[in-house]
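# Chains, contacts and geometry: an overview
The residues making up each chain are set out below.
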Amino acid sequence: MRTVIKSNSGTKKAKDAFDIMQDSCDSLAPKLRLRGFSSEHVLDVSYSSPIISTFLNSSKEAHQFCQVIHFLCSIQNRFLASVLHMATTAKSDLLDVLQQGSALPSLQTVPVERIQDHQLVVAATTGDLFDKFLAYSQPSLREGYGRKVLFDFGEIERKVVEFAVVRKTFLSLGTPVEEMGNFKFSGELFLIEASLVAGLKRKIPQLPLPDGFSPLEHLDKDCQRTLRSGLELMLSQLSQTGGDAEMSVSDYHRRWPLSRPSPSLQEIYDSVKLKHLIALFEALEEAEGLLNRADRQVAKTFTTSLPASLSGNVASSMTSILPLPDTLKVLSQFAVRHLCSRVSDAELPDPTTPLISYLGNIYMWPESTLSTLFTDQELGGAGAIEDRKRDFEEKMSSMLPKEVTFAHTACLIRNLQALVEEKNASFGSTPTRSLPGSTPGSGSAPRSASRRIQF
């Protein structure tokens, strides 16, 4: 933090914000101790503190910061709850603004990470509120009344309600980390936001990459990492905010500079629009060769063999209805995005979770898969995918029993790869463990190769 602030003359705003946070933590420390917080829950922030200590995530280093935020939010929630109690038990015309008909009064609730300044209750009893009392008070000048002061309590009440209640909100808490959300580390995005792709598809309908799009294999490793980092941030932001499907990635980057500019990526950014983001991310995964070795990248807890009664039957059952390339690709994407061994076990999902909870999500599958299960009429029109969600889940449940869990992912991938080899061999080609539509050691293959094994 010290290095960033000293090396950049344009960071006065950041320095001021940090100084405010540091002063706040210093002044909070004795108050927290008086309320029974142990020393380990009192945050000591300085320019030498690791940046991770001020992240809202589940890491050990950030635990103190989350506790402090939780404490501050609980103060506001308790105050507003007391106000609502007054509104229902005391007679006050001014508190009627909080009532909705004959129902109990209510205030809006927002997640703490989305709070805005005007929604916070901010007051100092020796300053703001005291000044408002004095503004509506008048000392008596009548002889014999001494220093008696007359107050306009109606106006004081109105000003206090306007200042401390109107437009304020409850802050959703629960457990601090779960409610506040996690900081997104590069490479762990899908672990934190399991519904990322589904969220983006709901906001911005996605299409394949445009014809003539240059493959990504020519990019060196540094460019691939830069592209991945930028795409992850865009996916995260757009899955929540949505955007113009026809806007180019270049224009979006100019408006929201989420990652450092890279001249070698400019041609890609110019030719791709927001409606191509998922297709671009999938093309990058193939170019990086991640999907071809998905079964060898997952953590050990996800490499359990299928029960003897299900071994081989599950893969055959799924591919009797679903296209084999799509099935293998979707399962491999799930493995490299969610079950990768590069993160700590604490961040990985429960291996006993039924696999149907992921594969039964219609948004995880490409259009080519859905067209084999539904008619064009069923898939046509706005909201059609959303309408088919239950039907799709039922179809998948008939093929994928709940006994098949995340723990069996690597085994199921290998079973599907074996089917690919068998199909390729039956067509007279050399058996390979590469992902359908790919050639060994490379990313995307010509479209004809993909069609050749669309059984």
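The structure this text deals with has already been given above.
Below is a short write-up of the structure. Each residue is numbered by its place in its chain's sequence as written, counting from 1. Only residues with pLDDT of 70 or above have their local features reported here, since the model is predicted, and side-chain atom pairs are shown and tallied only from 80 upward, although totals for entire chains, interfaces and linings are computed over all residues. Remark: hydrogens and water are excluded; side-chain values derive from all non-hydrogen atoms of the structure.

Before going further, it helps to spend a moment on the overall build of the protein chain. Secondary structure summary: the protein chain contains 21 helices and four strands in total. Only protein chains enter the accessibility calculation, which uses a 1.4 Å probe; a residue is then buried when its area is under 20% of its type maximum, exposed when over 50%, and partly exposed in between. Burial statistics for the protein chain: of 455 residues in total, 43% are counted as buried. Contact between two residues is taken to exist if any of their heavy atoms lie within 4.5 Å; hydrogens are not considered. Counting contacts in the protein chain only where the partners sit at least 6 residues apart, residues at least 24 apart contribute 73% of the total. Of the roughly 24,900 Å² that the protein chain leaves accessible, carbon and sulfur atoms contribute 54%. Each helix corresponds to a stretch of at least 4 residues labelled H or I by DSSP, and each strand to a stretch of at least 2 residues labelled E; elements are numbered beginning at the N terminus. Each accessible area is a Shrake-Rupley result for a 1.4 Å probe, and residues are judged covered by the shown protein chains and nothing else.

Checked against the element boundaries, Ile268 lands in helix H11 (residues 266-271). Setting aside residues up to four positions removed in sequence, Ile268 forms contacts with Phe213, Leu216, Leu219 and Leu280.

Soluble, globular proteins show a tendency: their nonpolar side chains are buried together. Counting 78 residues, the largest nonpolar core has Leu216, Leu277, Met318, Leu355, Leu359, Trp365 and Met396 as its most contacted members. Top contributing element to this core by residue count: helix H12 (residues 277-287), with eight residues. Once residues lying within four places of it in the same chain are set aside, the contact partners of Leu359 are Met318, Val330, Leu331, Trp365, Phe392, Met396 and Leu400. For this analysis, a nonpolar core means a set of buried residues of the types Ala, Val, Leu, Ile, Met, Phe, Trp, Tyr and Cys, connected via side-chain atoms within 4.5 Å. Membership of the second largest hydrophobic core comes to six residues, among which are Phe65, Ile69, Val110 and Leu171.

With that settled, the discussion passes to the side chain of His408. For His408, the position within the fold is in the loop between helix H19 (389-399) and helix H20 (409-426). The residues touching His408, leaving out its near neighbours within four places in the chain, are Phe302, Thr304, Ser305, Leu306, Pro307 and Glu403.

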